Amino acid sequence: MGRSHHDEIERKYDVDASTVFPNLAETGGLHSIGRPRTSQLEAVYFDTSGLDLARSGVTLRRRSGGSDAGWHLKLPAGPDTRTELREPLGRSHEVPENFRTRVHAITRGRPLEPVATVSTRRRDYPLLDSEGSVLALVSDDSVRARRHDDVTGSTGDELAWREWEIELVDGPHALLDAVGERLLAAGAAPASASSKLARVIGEPPPAVSSPGTRKGHAKPTVEQLLSAQLAEHLARLLEQDAGVRAEQAEAVHRVRIAARRLRSVLTTFRPLLDTSVTDLVREELRWVGECFAAARDAHVLGEHLRAVLASEPAELVVGPVSARLDHEISTEYGRGREASRQALDSDRFVRLLDVVEELIASLPLHSHARRPARKTMPGLLARDVKRLVVAVLAIERTTDPVERDTAFHEARKKAKRLRYAAESATPVLGKRARTLAAATKELQEALGIHQDTVVARQRLREYGMRAHLDGENTFTIGRLHALEQARADRAEAEFALLWKKFSAKHGRAGPVRGRARTPARRSCGGGPDPVESVSQVIEVARTRARTQPCHSSGDGGCWADG
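Just so we're clear, the structure is a prediction, and the values are computed from it rather than from any experiment. Sequence order sets the numbering: in each chain, residues are counted from 1 along the sequence as written. Whole-chain, interface and lining totals are the exception, using all residues; otherwise, since this is a predicted model, local features are given only for residues with pLDDT of at least 70 and side-chain atom pairs are given and counted only at 80 or more. Neither water nor hydrogens contribute to the side-chain values; these are computed over all heavy atoms in the structure.

**Focus on the packing of helix 11 (residues 373-397) against helix 12 (residues 401-429)**
Comment: axis = line fitted to C-alpha atoms, over the contacting stretch for helices; angle = value between 0 and 180 degrees taken between N-to-C directions. Secondary structure elements follow DSSP: runs of H or I no shorter than four residues count as helices, runs of E no shorter than two count as strands, and numbering proceeds from the N terminus. Close contact between helix 11 and helix 12 brings their axes to 8 Å; oriented N to C, the two are set at 165°. Taken together, the axis directions place helix 11 and helix 12 in an arrangement best described as roughly antiparallel. The interaxial crossing formed by helix 11 with helix 12 has left-handed handedness. Oblique is the label for every angle not falling under 35 degrees (roughly parallel), over 145 degrees (roughly antiparallel), or within 65 to 115 degrees (roughly perpendicular). Definitions for this section: a left-handed crossing has its near helix turned counterclockwise from the far helix by less than a right angle. A right-handed crossing has that turn clockwise.

**Let's talk about the layout of surface pockets**
In this structure, the largest pocket spans a volume of roughly 1,600 Å³. Taken together, 49 residues make up the lining of the largest pocket; nearest its centre are Arg-256, Arg-260, His-409, Arg-412 and Lys-416. Elements that contribute at least two residues to the lining of the largest pocket include exactly helix 7 (251-268), helix 8 (275-311), helix 12, helix 13 (431-469) and helix 14 (475-509). When residue character is reported, Ala, Val, Leu, Ile, Met, Phe, Trp, Tyr, Cys and Pro are called nonpolar, Asp, Glu, Lys and Arg charged, and the others, Gly included, polar. Looking at the lining of the largest pocket residue by residue, the class counts come to twelve nonpolar, 13 polar and 24 charged. Cavities and pockets were defined on a 1 Å grid built over protein atoms only: a cavity is a set of grid points that admits a 1.4 Å probe from which the probe cannot escape, a pocket is an open set flanked by protein on both sides within 12 Å along at least five of seven lines, and lining residues are those with an atom within 4 Å of any such point. Grid points are joined across faces, edges and corners, and a volume is the space filled by probe spheres set on the points. Estimates place the volume of the second largest pocket at around 580 Å³. As for the second largest pocket, its lining consists of 35 residues, and the residues nearest its centre are Arg-63, Asp-68, Arg-122, Glu-165 and Glu-167. Looking at the lining of the second largest pocket, the elements with two or more residues in it are strand 1 (4-15), strand 3 (37-47), strand 4 (59-64), strand 6 (81-87), strand 7 (113-128), strand 8 (134-147), strand 9 (159-168) and helix 5 (196-201). Of the residues contributing to the lining of the second largest pocket, the split by class is nine nonpolar, nine polar and 17 charged.

**What about the nonpolar core?**
To define a nonpolar core, start from buried Ala, Val, Leu, Ile, Met, Phe, Trp, Tyr and Cys residues and group those joined through side-chain atoms within 4.5 Å. Throughout this description, buried means an accessible area under 20% of the type-specific maximum (1.4 Å probe, protein chains only), exposed means over 50%, and partly exposed covers the range between. In this structure, Phe-269, Met-377 and Phe-495 are the most contacted members of the largest nonpolar core, which totals 71 residues. In terms of residues, this core owes the most to one element, helix 11, which gives eleven residues. By the convention used here, residues are in contact when the closest approach between their heavy atoms is within 4.5 Å. Each residue touching Phe-269, except ones within four places of it in the same chain, is listed here: Val-222, Leu-225, Leu-226, Met-377 and Leu-380. Core analysis: the next-biggest nonpolar cluster, separate from the first, contains 18 residues, Leu-135, Ala-136, Ile-166 and Leu-176 among them.

**Re the packing of aromatic side chains**
Any pair of Phe, Tyr and Trp rings, taking the six-membered ring for Trp, is counted once the centres come within 6.5 Å. Such a pair is stacked with planes under 30 degrees apart, edge-to-face with planes over 60 apart, and tilted for the rest. Applying the stated rule across the entire model yields six aromatic pairs. A centroid spacing of 5.3 Å and a plane angle of 80° characterise the contact between Phe-21 and Trp-164, whose relative ring orientation is edge-to-face. In this pair, Phe-21 sits in the loop between strand 1 and strand 2 (32-33) while Trp-164 sits in strand 9, placing the two residues 143 residues apart along the sequence. Assigned by exposure class, Phe-21 and Trp-164 land together as buried.

Treat this as a map of the structure, not an account of what it does.
Printed below as a string of C-alpha coordinates:
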(Lines give C-alpha, C1' and ligand atoms only; values in the text may rest on other atoms or scores of the structure.)
Protein backbone atom coordinates (compact mmCIF):
# COMPACT_ATOMS: atom_id res chain seq x y z
CA MET A 1 0.00 0.00 0.00
CA GLY A 2 1.32 3.45 -0.90
CA ARG A 3 0.86 6.86 0.68
CA SER A 4 -2.78 7.95 1.05
CA HIS A 5 -5.08 10.21 3.03
CA HIS A 6 -8.81 9.86 3.76
CA ASP A 7 -11.46 10.43 6.41
CA GLU A 8 -12.49 7.30 8.28
CA ILE A 9 -16.09 7.30 9.54
CA GLU A 10 -16.91 4.34 11.75
CA ARG A 11 -18.62 3.01 14.85
CA LYS A 12 -17.65 0.09 17.08
CA TYR A 13 -19.70 -2.35 19.14
CA ASP A 14 -18.86 -4.90 21.83
CA VAL A 15 -20.22 -8.40 21.30
CA ASP A 16 -19.98 -11.78 23.02
CA ALA A 17 -17.98 -14.54 21.38
CA SER A 18 -21.11 -16.71 21.03
CA THR A 19 -23.35 -14.05 19.44
CA VAL A 20 -24.50 -14.89 15.90
CA PHE A 21 -23.69 -12.28 13.28
CA PRO A 22 -27.01 -10.89 11.97
CA ASN A 23 -28.39 -10.91 8.45
CA LEU A 24 -28.02 -7.30 7.28
CA ALA A 25 -29.54 -7.77 3.82
CA GLU A 26 -32.88 -6.19 4.80
CA THR A 27 -31.32 -3.04 6.21
CA GLY A 28 -32.86 0.05 4.64
CA GLY A 29 -30.74 1.64 1.91
CA LEU A 30 -28.96 -1.59 0.94
CA HIS A 31 -29.37 -3.76 -2.13
CA SER A 32 -27.29 -6.77 -1.15
CA ILE A 33 -24.40 -8.12 0.92
CA GLY A 34 -21.21 -8.96 -0.94
CA ARG A 35 -19.02 -12.00 -0.50
CA PRO A 36 -17.35 -11.90 2.94
CA ARG A 37 -13.56 -11.75 3.10
CA THR A 38 -11.36 -13.03 5.92
CA SER A 39 -7.92 -11.64 6.80
CA GLN A 40 -5.35 -11.78 9.59
CA LEU A 41 -4.08 -8.37 10.79
CA GLU A 42 -1.01 -7.83 12.97
CA ALA A 43 -0.52 -4.33 14.37
CA VAL A 44 2.10 -2.69 16.61
CA TYR A 45 1.00 0.60 18.17
CA PHE A 46 3.50 3.37 18.92
CA ASP A 47 3.38 6.18 21.46
CA THR A 48 5.57 7.99 23.98
CA SER A 49 6.10 6.58 27.46
CA GLY A 50 3.54 9.10 28.73
CA LEU A 51 1.01 8.06 26.04
CA ASP A 52 0.94 11.60 24.66
CA LEU A 53 -0.61 10.52 21.35
CA ALA A 54 -3.41 8.56 22.99
CA ARG A 55 -4.10 11.44 25.38
CA SER A 56 -4.58 13.67 22.34
CA GLY A 57 -6.87 11.22 20.53
CA VAL A 58 -4.17 10.24 18.00
CA THR A 59 -3.30 6.68 16.99
CA LEU A 60 -0.07 5.54 15.29
CA ARG A 61 0.45 1.94 14.21
CA ARG A 62 2.36 -0.35 11.86
CA ARG A 63 0.04 -3.02 10.49
CA SER A 64 0.68 -6.02 8.26
CA GLY A 65 -1.95 -8.19 6.59
CA GLY A 66 -5.11 -7.20 4.79
CA SER A 67 -5.54 -4.78 1.91
CA ASP A 68 -4.28 -1.72 3.77
CA ALA A 69 -1.00 -2.93 5.24
CA GLY A 70 1.31 -0.08 6.14
CA TRP A 71 1.87 2.70 8.65
CA HIS A 72 -1.37 4.37 9.77
CA LEU A 73 -1.73 7.70 11.58
CA LYS A 74 -5.26 8.54 12.76
CA LEU A 75 -6.16 12.08 13.80
CA PRO A 76 -9.45 13.25 15.38
CA ALA A 77 -11.73 15.01 12.90
CA GLY A 78 -15.20 15.02 14.52
CA PRO A 79 -17.92 12.68 15.80
CA ASP A 80 -17.44 9.14 14.45
CA THR A 81 -14.69 10.53 12.18
CA ARG A 82 -10.92 10.43 12.09
CA THR A 83 -8.52 11.45 9.35
CA GLU A 84 -6.32 8.50 8.46
CA LEU A 85 -2.95 8.97 6.77
CA ARG A 86 -1.02 6.02 5.39
CA GLU A 87 2.58 5.39 4.51
CA PRO A 88 4.04 2.25 2.85
CA LEU A 89 4.89 -0.62 5.19
CA GLY A 90 8.54 -0.94 4.18
CA ARG A 91 11.04 -3.08 6.06
CA SER A 92 11.92 -0.66 8.81
CA HIS A 93 10.11 -0.61 12.13
CA GLU A 94 11.14 3.02 12.68
CA VAL A 95 8.28 5.49 12.56
CA PRO A 96 8.33 7.33 9.18
CA GLU A 97 9.77 10.82 9.39
CA ASN A 98 6.62 12.25 7.81
CA PHE A 99 4.55 10.93 10.72
CA ARG A 100 7.07 12.11 13.30
CA THR A 101 6.72 15.60 11.87
CA ARG A 102 2.93 15.47 11.92
CA VAL A 103 2.83 14.65 15.66
CA HIS A 104 5.70 16.97 16.56
CA ALA A 105 3.53 19.35 18.61
CA ILE A 106 2.27 16.43 20.69
CA THR A 107 5.45 14.41 21.24
CA ARG A 108 7.85 17.43 21.32
CA GLY A 109 10.91 15.29 20.75
CA ARG A 110 9.97 12.49 23.12
CA PRO A 111 10.76 9.06 21.57
CA LEU A 112 8.01 6.94 20.00
CA GLU A 113 8.16 3.32 21.12
CA PRO A 114 5.90 0.24 20.81
CA VAL A 115 3.18 0.31 23.48
CA ALA A 116 0.89 -2.53 22.38
CA THR A 117 0.57 -5.42 19.94
CA VAL A 118 -2.86 -6.30 18.55
CA SER A 119 -3.69 -9.38 16.49
CA THR A 120 -7.06 -9.43 14.73
CA ARG A 121 -8.84 -12.12 12.76
CA ARG A 122 -11.27 -10.09 10.66
CA ARG A 123 -14.25 -11.08 8.54
CA ASP A 124 -15.47 -8.19 6.35
CA TYR A 125 -19.02 -7.99 4.96
CA PRO A 126 -19.35 -5.42 2.12
CA LEU A 127 -22.74 -3.67 1.98
CA LEU A 128 -23.65 -2.94 -1.66
CA ASP A 129 -26.03 -0.68 -3.58
CA SER A 130 -27.96 -1.68 -6.69
CA GLU A 131 -24.93 -1.03 -8.92
CA GLY A 132 -22.60 -3.16 -6.83
CA SER A 133 -20.73 -0.23 -5.26
CA VAL A 134 -19.61 -0.67 -1.66
CA LEU A 135 -21.55 1.62 0.69
CA ALA A 136 -19.94 0.38 3.91
CA LEU A 137 -17.94 -2.46 5.41
CA VAL A 138 -19.09 -4.30 8.52
CA SER A 139 -16.27 -6.17 10.23
CA ASP A 140 -16.52 -9.04 12.68
CA ASP A 141 -13.24 -8.92 14.64
CA SER A 142 -11.81 -11.51 17.01
CA VAL A 143 -8.97 -9.74 18.82
CA ARG A 144 -6.01 -10.72 20.97
CA ALA A 145 -3.68 -8.06 22.37
CA ARG A 146 -0.87 -7.36 24.82
CA ARG A 147 0.47 -4.15 26.33
CA HIS A 148 4.21 -3.43 26.26
CA ASP A 149 5.88 -2.42 29.51
CA ASP A 150 7.48 0.99 28.99
CA VAL A 151 10.44 0.20 31.26
CA THR A 152 11.42 -3.44 30.71
CA GLY A 153 10.03 -3.83 27.20
CA SER A 154 8.15 -6.95 28.30
CA THR A 155 4.51 -7.58 27.45
CA GLY A 156 1.58 -7.90 29.82
CA ASP A 157 -1.16 -10.49 30.04
CA GLU A 158 -3.00 -11.28 26.84
CA LEU A 159 -6.46 -9.78 26.43
CA ALA A 160 -9.08 -11.29 24.12
CA TRP A 161 -12.41 -9.93 22.93
CA ARG A 162 -14.78 -9.69 19.98
CA GLU A 163 -16.15 -6.52 18.38
CA TRP A 164 -18.17 -5.42 15.37
CA GLU A 165 -17.30 -2.33 13.38
CA ILE A 166 -19.14 -0.33 10.70
CA GLU A 167 -17.03 1.82 8.40
CA LEU A 168 -18.61 3.99 5.72
CA VAL A 169 -17.13 3.78 2.23
CA ASP A 170 -19.47 5.58 -0.20
CA GLY A 171 -22.67 5.35 1.80
CA PRO A 172 -24.61 8.12 3.57
CA HIS A 173 -24.09 8.87 7.26
CA ALA A 174 -27.63 7.61 7.99
CA LEU A 175 -26.43 4.13 7.09
CA LEU A 176 -24.40 4.06 10.31
CA ASP A 177 -27.62 4.42 12.29
CA ALA A 178 -29.54 1.87 10.24
CA VAL A 179 -26.85 -0.83 10.45
CA GLY A 180 -26.12 0.05 14.07
CA GLU A 181 -29.74 -0.66 15.02
CA ARG A 182 -29.47 -4.11 13.45
CA LEU A 183 -26.28 -4.89 15.34
CA LEU A 184 -27.74 -3.72 18.64
CA ALA A 185 -30.85 -5.82 18.04
CA ALA A 186 -28.61 -8.85 17.48
CA GLY A 187 -27.07 -8.46 20.94
CA ALA A 188 -24.22 -6.00 20.49
CA ALA A 189 -23.61 -3.01 22.75
CA PRO A 190 -21.91 0.33 22.05
CA ALA A 191 -18.15 -0.12 22.43
CA SER A 192 -16.88 0.34 25.97
CA ALA A 193 -13.56 1.68 24.62
CA SER A 194 -12.90 4.25 21.90
CA SER A 195 -10.46 1.97 20.06
CA LYS A 196 -8.64 -1.36 20.25
CA LEU A 197 -5.61 0.43 21.65
CA ALA A 198 -7.68 2.10 24.37
CA ARG A 199 -8.99 -1.30 25.44
CA VAL A 200 -5.40 -2.48 25.90
CA ILE A 201 -3.81 0.54 27.58
CA GLY A 202 -6.95 2.04 29.10
CA GLU A 203 -8.54 5.41 28.30
CA PRO A 204 -5.78 7.89 29.25
CA PRO A 205 -6.71 11.29 30.71
CA PRO A 206 -6.87 14.21 28.26
CA ALA A 207 -3.57 15.70 27.14
CA VAL A 208 -4.47 18.97 28.86
CA SER A 209 -6.51 19.07 32.05
CA SER A 210 -7.02 21.50 34.89
CA PRO A 211 -8.68 21.79 38.31
CA GLY A 212 -11.47 23.82 36.77
CA THR A 213 -12.59 21.18 34.29
CA ARG A 214 -14.16 18.98 36.93
CA LYS A 215 -17.95 19.01 36.69
CA GLY A 216 -20.03 19.91 39.66
CA HIS A 217 -18.13 22.99 40.88
CA ALA A 218 -20.96 25.13 42.22
CA LYS A 219 -18.68 28.08 43.00
CA PRO A 220 -15.46 27.84 41.02
CA THR A 221 -12.63 30.15 41.92
CA VAL A 222 -10.90 32.45 39.46
CA GLU A 223 -8.04 29.96 39.32
CA GLN A 224 -10.33 27.06 38.43
CA LEU A 225 -12.20 29.03 35.79
CA LEU A 226 -9.06 30.44 34.20
CA SER A 227 -7.18 27.13 34.15
CA ALA A 228 -10.23 25.40 32.64
CA GLN A 229 -10.43 27.98 29.86
CA LEU A 230 -6.71 27.74 29.08
CA ALA A 231 -6.83 23.94 29.09
CA GLU A 232 -9.81 23.84 26.75
CA HIS A 233 -8.27 26.17 24.19
CA LEU A 234 -4.83 24.54 24.36
CA ALA A 235 -6.47 21.18 23.66
CA ARG A 236 -8.17 22.72 20.61
CA LEU A 237 -4.84 24.17 19.46
CA LEU A 238 -3.16 20.77 19.65
CA GLU A 239 -6.08 19.12 17.88
CA GLN A 240 -6.04 21.64 15.03
CA ASP A 241 -2.25 21.44 14.75
CA ALA A 242 -2.78 17.81 13.78
CA GLY A 243 -5.55 18.90 11.41
CA VAL A 244 -3.29 21.36 9.59
CA ARG A 245 -0.71 18.65 9.10
CA ALA A 246 -3.46 16.33 7.79
CA GLU A 247 -4.54 18.98 5.23
CA GLN A 248 -7.97 19.47 6.83
CA ALA A 249 -9.48 22.50 5.10
CA GLU A 250 -10.68 24.45 8.13
CA ALA A 251 -7.80 23.59 10.46
CA VAL A 252 -5.77 26.70 9.55
CA HIS A 253 -8.61 28.94 10.68
CA ARG A 254 -9.20 26.89 13.82
CA VAL A 255 -5.55 27.11 14.85
CA ARG A 256 -5.87 30.90 14.69
CA ILE A 257 -9.08 30.77 16.71
CA ALA A 258 -7.51 28.59 19.40
CA ALA A 259 -4.43 30.83 19.66
CA ARG A 260 -6.61 33.94 19.66
CA ARG A 261 -8.83 32.57 22.41
CA LEU A 262 -5.83 31.67 24.55
CA ARG A 263 -4.47 35.18 24.12
CA SER A 264 -7.87 36.73 24.78
CA VAL A 265 -8.27 34.80 28.05
CA LEU A 266 -4.88 36.00 29.25
CA THR A 267 -5.82 39.56 28.26
CA THR A 268 -9.17 39.54 30.04
CA PHE A 269 -7.66 38.11 33.23
CA ARG A 270 -4.57 40.29 32.92
CA PRO A 271 -5.31 42.49 36.01
CA LEU A 272 -5.16 39.34 38.14
CA LEU A 273 -1.97 37.83 36.69
CA ASP A 274 1.77 38.34 37.00
CA THR A 275 2.21 40.07 33.66
CA SER A 276 5.97 39.60 33.66
CA VAL A 277 5.11 35.96 32.86
CA THR A 278 1.88 36.14 30.88
CA ASP A 279 2.64 39.10 28.60
CA LEU A 280 5.44 37.14 26.95
CA VAL A 281 3.03 34.27 26.34
CA ARG A 282 0.48 36.66 24.86
CA GLU A 283 3.07 37.95 22.39
CA GLU A 284 3.99 34.41 21.35
CA LEU A 285 0.32 33.61 20.78
CA ARG A 286 0.07 36.75 18.67
CA TRP A 287 2.98 35.42 16.62
CA VAL A 288 1.09 32.15 15.99
CA GLY A 289 -1.90 34.09 14.72
CA GLU A 290 0.26 36.19 12.42
CA CYS A 291 1.91 33.08 10.95
CA PHE A 292 -1.51 31.70 9.98
CA ALA A 293 -3.06 34.97 8.81
CA ALA A 294 -1.92 34.87 5.18
CA ALA A 295 -3.26 31.38 4.50
CA ARG A 296 -6.57 32.11 6.19
CA ASP A 297 -7.04 35.46 4.44
CA ALA A 298 -6.30 33.90 1.06
CA HIS A 299 -8.74 31.05 1.70
CA VAL A 300 -11.57 33.40 2.71
CA LEU A 301 -10.83 35.84 -0.09
CA GLY A 302 -10.71 33.10 -2.71
CA GLU A 303 -14.04 31.59 -1.73
CA HIS A 304 -15.73 35.00 -1.66
CA LEU A 305 -14.36 36.44 -4.91
CA ARG A 306 -15.02 33.24 -6.84
CA ALA A 307 -18.63 33.28 -5.64
CA VAL A 308 -19.07 36.96 -6.56
CA LEU A 309 -17.50 36.45 -9.97
CA ALA A 310 -19.74 33.45 -10.66
CA SER A 311 -22.81 35.56 -9.92
CA GLU A 312 -21.84 38.34 -12.34
CA PRO A 313 -23.54 38.60 -15.77
CA ALA A 314 -21.34 37.12 -18.48
CA GLU A 315 -21.09 40.42 -20.36
CA LEU A 316 -19.49 42.04 -17.28
CA VAL A 317 -16.74 39.44 -16.95
CA VAL A 318 -14.10 40.80 -19.32
CA GLY A 319 -10.62 39.38 -19.79
CA PRO A 320 -8.91 36.45 -18.05
CA VAL A 321 -10.08 37.64 -14.63
CA SER A 322 -10.91 34.17 -13.28
CA ALA A 323 -7.47 32.83 -14.17
CA ARG A 324 -5.86 35.96 -12.70
CA LEU A 325 -7.70 35.57 -9.39
CA ASP A 326 -6.96 31.85 -9.20
CA HIS A 327 -3.26 32.44 -9.83
CA GLU A 328 -2.90 35.32 -7.38
CA ILE A 329 -4.89 33.74 -4.55
CA SER A 330 -3.41 30.26 -4.98
CA THR A 331 0.08 31.76 -4.82
CA GLU A 332 -0.76 33.67 -1.63
CA TYR A 333 -2.40 30.62 -0.07
CA GLY A 334 0.59 28.43 -0.89
CA ARG A 335 3.01 30.89 0.71
CA GLY A 336 0.73 31.19 3.73
CA ARG A 337 0.45 27.42 4.16
CA GLU A 338 4.22 27.11 4.04
CA ALA A 339 4.63 29.84 6.67
CA SER A 340 2.09 28.15 8.93
CA ARG A 341 3.80 24.78 8.61
CA GLN A 342 7.19 26.27 9.38
CA ALA A 343 5.71 27.84 12.49
CA LEU A 344 4.23 24.53 13.66
CA ASP A 345 7.53 22.72 13.07
CA SER A 346 9.60 25.32 14.91
CA ASP A 347 11.19 24.97 18.33
CA ARG A 348 9.56 28.29 19.18
CA PHE A 349 6.09 26.77 18.84
CA VAL A 350 7.06 23.76 20.96
CA ARG A 351 8.39 26.04 23.70
CA LEU A 352 5.13 27.99 23.63
CA LEU A 353 3.10 24.82 24.14
CA ASP A 354 5.29 23.83 27.09
CA VAL A 355 4.93 27.26 28.68
CA VAL A 356 1.14 27.27 28.35
CA GLU A 357 0.96 23.85 29.98
CA GLU A 358 3.13 25.17 32.81
CA LEU A 359 0.79 28.15 33.20
CA ILE A 360 -2.19 25.85 33.52
CA ALA A 361 -0.43 23.75 36.12
CA SER A 362 0.64 26.80 38.16
CA LEU A 363 -1.15 30.03 37.37
CA PRO A 364 0.82 33.19 38.32
CA LEU A 365 -2.15 34.82 40.05
CA HIS A 366 -1.90 37.72 42.47
CA SER A 367 -2.93 36.80 46.00
CA HIS A 368 -6.00 39.07 45.88
CA ALA A 369 -7.25 37.18 42.80
CA ARG A 370 -7.87 33.90 44.63
CA ARG A 371 -11.57 34.43 45.18
CA PRO A 372 -14.85 33.13 43.73
CA ALA A 373 -15.05 33.75 39.99
CA ARG A 374 -18.68 34.88 40.32
CA LYS A 375 -17.53 37.95 42.25
CA THR A 376 -14.60 38.75 39.97
CA MET A 377 -15.94 38.22 36.44
CA PRO A 378 -18.37 41.20 36.36
CA GLY A 379 -15.48 43.62 36.84
CA LEU A 380 -13.39 41.92 34.17
CA LEU A 381 -16.27 42.00 31.71
CA ALA A 382 -16.90 45.66 32.50
CA ARG A 383 -13.28 46.39 31.60
CA ASP A 384 -13.71 44.76 28.18
CA VAL A 385 -17.02 46.53 27.60
CA LYS A 386 -15.28 49.85 28.22
CA ARG A 387 -12.60 49.04 25.66
CA LEU A 388 -15.22 48.21 23.04
CA VAL A 389 -17.12 51.45 23.71
CA VAL A 390 -13.95 53.52 23.34
CA ALA A 391 -13.10 51.72 20.07
CA VAL A 392 -16.58 52.43 18.66
CA LEU A 393 -16.35 56.08 19.65
CA ALA A 394 -13.02 56.26 17.78
CA ILE A 395 -14.93 55.27 14.63
CA GLU A 396 -17.40 58.10 15.18
CA ARG A 397 -14.58 60.65 15.52
CA THR A 398 -12.69 59.54 12.37
CA THR A 399 -13.33 60.86 8.86
CA ASP A 400 -10.17 59.76 7.01
CA PRO A 401 -11.08 56.60 5.02
CA VAL A 402 -7.89 54.69 5.89
CA GLU A 403 -8.05 55.63 9.57
CA ARG A 404 -11.73 54.75 9.60
CA ASP A 405 -11.04 51.24 8.26
CA THR A 406 -8.38 50.84 10.95
CA ALA A 407 -10.82 52.03 13.61
CA PHE A 408 -13.43 49.50 12.47
CA HIS A 409 -10.79 46.76 12.69
CA GLU A 410 -9.83 47.81 16.23
CA ALA A 411 -13.50 47.73 17.24
CA ARG A 412 -13.76 44.25 15.77
CA LYS A 413 -10.85 43.05 17.90
CA LYS A 414 -12.37 44.57 21.03
CA ALA A 415 -15.77 43.00 20.23
CA LYS A 416 -14.15 39.63 19.75
CA ARG A 417 -12.31 39.95 23.06
CA LEU A 418 -15.54 40.87 24.86
CA ARG A 419 -17.39 37.98 23.27
CA TYR A 420 -14.71 35.51 24.32
CA ALA A 421 -14.67 36.97 27.84
CA ALA A 422 -18.45 36.68 28.14
CA GLU A 423 -18.30 33.08 26.94
CA SER A 424 -15.59 32.39 29.54
CA ALA A 425 -17.86 33.85 32.23
CA THR A 426 -20.89 31.76 31.25
CA PRO A 427 -20.12 28.91 33.70
CA VAL A 428 -20.41 31.35 36.62
CA LEU A 429 -22.73 34.10 35.36
CA GLY A 430 -25.05 31.94 33.28
CA LYS A 431 -27.73 33.59 31.14
CA ARG A 432 -26.42 37.10 31.81
CA ALA A 433 -23.07 36.29 30.24
CA ARG A 434 -24.64 34.29 27.39
CA THR A 435 -26.82 37.27 26.51
CA LEU A 436 -23.81 39.57 26.35
CA ALA A 437 -21.82 37.04 24.31
CA ALA A 438 -24.63 36.60 21.77
CA ALA A 439 -25.11 40.36 21.34
CA THR A 440 -21.38 40.93 20.97
CA LYS A 441 -21.09 38.13 18.42
CA GLU A 442 -23.54 40.00 16.18
CA LEU A 443 -21.35 43.10 16.39
CA GLN A 444 -18.24 41.07 15.71
CA GLU A 445 -19.72 39.43 12.62
CA ALA A 446 -20.74 42.74 11.06
CA LEU A 447 -17.30 44.17 11.80
CA GLY A 448 -15.72 41.01 10.41
CA ILE A 449 -17.49 41.45 7.08
CA HIS A 450 -16.20 45.02 6.98
CA GLN A 451 -12.63 43.88 7.59
CA ASP A 452 -12.98 41.21 4.88
CA THR A 453 -13.86 43.98 2.44
CA VAL A 454 -10.81 45.98 3.51
CA VAL A 455 -8.56 43.01 2.70
CA ALA A 456 -10.42 42.31 -0.53
CA ARG A 457 -10.12 45.92 -1.75
CA GLN A 458 -6.40 46.01 -0.99
CA ARG A 459 -5.81 42.75 -2.83
CA LEU A 460 -8.00 43.67 -5.81
CA ARG A 461 -6.08 46.89 -6.29
CA GLU A 462 -2.81 44.94 -6.32
CA TYR A 463 -4.23 42.32 -8.70
CA GLY A 464 -5.57 45.03 -10.99
CA MET A 465 -2.24 46.83 -11.18
CA ARG A 466 -0.36 43.63 -12.04
CA ALA A 467 -2.99 42.63 -14.60
CA HIS A 468 -2.78 46.07 -16.21
CA LEU A 469 1.01 45.84 -16.45
CA ASP A 470 0.57 42.43 -18.10
CA GLY A 471 -1.71 43.97 -20.72
CA GLU A 472 -4.96 42.45 -19.41
CA ASN A 473 -8.37 44.11 -19.40
CA THR A 474 -9.00 45.11 -15.78
CA PHE A 475 -12.62 46.30 -16.07
CA THR A 476 -14.01 43.37 -14.07
CA ILE A 477 -11.41 43.64 -11.33
CA GLY A 478 -12.36 47.29 -10.95
CA ARG A 479 -16.02 46.30 -10.78
CA LEU A 480 -15.24 43.75 -8.07
CA HIS A 481 -13.48 46.49 -6.12
CA ALA A 482 -16.59 48.69 -6.37
CA LEU A 483 -18.80 45.82 -5.22
CA GLU A 484 -16.54 45.35 -2.19
CA GLN A 485 -16.85 49.05 -1.34
CA ALA A 486 -20.63 48.69 -1.50
CA ARG A 487 -20.42 45.65 0.78
CA ALA A 488 -18.32 47.69 3.22
CA ASP A 489 -20.97 50.42 3.24
CA ARG A 490 -23.68 47.87 3.99
CA ALA A 491 -21.57 46.37 6.78
CA GLU A 492 -21.09 49.80 8.33
CA ALA A 493 -24.83 50.46 8.21
CA GLU A 494 -25.56 47.05 9.71
CA PHE A 495 -23.08 47.65 12.50
CA ALA A 496 -24.64 51.04 13.29
CA LEU A 497 -28.04 49.37 13.74
CA LEU A 498 -26.59 46.56 15.83
CA TRP A 499 -24.67 48.98 18.03
CA LYS A 500 -27.83 50.95 18.68
CA LYS A 501 -29.62 47.71 19.55
CA PHE A 502 -26.72 46.60 21.75
CA SER A 503 -26.68 49.85 23.72
CA ALA A 504 -30.46 49.98 24.12
CA LYS A 505 -30.90 46.34 25.11
CA HIS A 506 -28.10 46.19 27.63
CA GLY A 507 -28.93 49.64 28.87
CA ARG A 508 -32.26 48.25 30.04
CA ALA A 509 -30.98 45.05 31.58
CA GLY A 510 -27.26 44.60 31.28
CA PRO A 511 -25.81 41.16 32.05
CA VAL A 512 -22.83 42.66 33.82
CA ARG A 513 -23.90 43.63 37.31
CA GLY A 514 -22.25 44.28 40.63
CA ARG A 515 -19.26 46.34 41.61
CA ALA A 516 -16.07 45.94 39.62
CA ARG A 517 -13.93 43.33 41.38
CA THR A 518 -10.64 43.86 39.62
CA PRO A 519 -7.81 45.48 41.59
CA ALA A 520 -8.19 49.25 42.01
CA ARG A 521 -6.61 51.00 39.03
CA ARG A 522 -6.14 54.60 37.98
CA SER A 523 -8.94 55.61 35.62
CA CYS A 524 -8.98 58.63 33.34
CA GLY A 525 -10.96 60.45 36.02
CA GLY A 526 -8.48 59.59 38.76
CA GLY A 527 -10.05 56.66 40.61
CA PRO A 528 -11.88 53.33 40.31
CA ASP A 529 -15.52 53.40 39.26
CA PRO A 530 -18.48 51.36 40.48
CA VAL A 531 -19.94 49.42 37.55
CA GLU A 532 -23.63 48.70 38.08
CA SER A 533 -24.65 47.71 34.53
CA VAL A 534 -23.58 47.79 30.91
CA SER A 535 -25.56 50.99 30.43
CA GLN A 536 -23.43 52.76 33.06
CA VAL A 537 -20.25 51.44 31.49
CA ILE A 538 -21.29 52.76 28.09
CA GLU A 539 -22.37 56.15 29.38
CA VAL A 540 -19.24 56.66 31.50
CA ALA A 541 -17.03 55.59 28.57
CA ARG A 542 -18.77 57.94 26.17
CA THR A 543 -18.44 60.89 28.51
CA ARG A 544 -14.77 60.30 29.22
CA ALA A 545 -13.78 59.58 25.65
CA ARG A 546 -15.30 62.91 24.59
CA THR A 547 -14.17 65.09 27.49
CA GLN A 548 -11.08 63.50 29.06
CA PRO A 549 -8.81 61.84 26.47
CA CYS A 550 -6.64 59.25 28.13
CA HIS A 551 -2.87 59.48 27.81
CA SER A 552 -1.93 56.40 29.81
CA SER A 553 -0.25 53.57 27.95
CA GLY A 554 -0.24 49.83 28.35
CA ASP A 555 -2.86 47.45 29.68
CA GLY A 556 -1.83 48.25 33.22
CA GLY A 557 -2.93 51.90 32.95
CA CYS A 558 -6.14 53.57 31.84
CA TRP A 559 -8.98 51.47 30.46
CA ALA A 560 -9.22 53.72 27.40
CA ASP A 561 -5.82 52.79 26.05
CA GLY A 562 -5.58 50.80 22.83
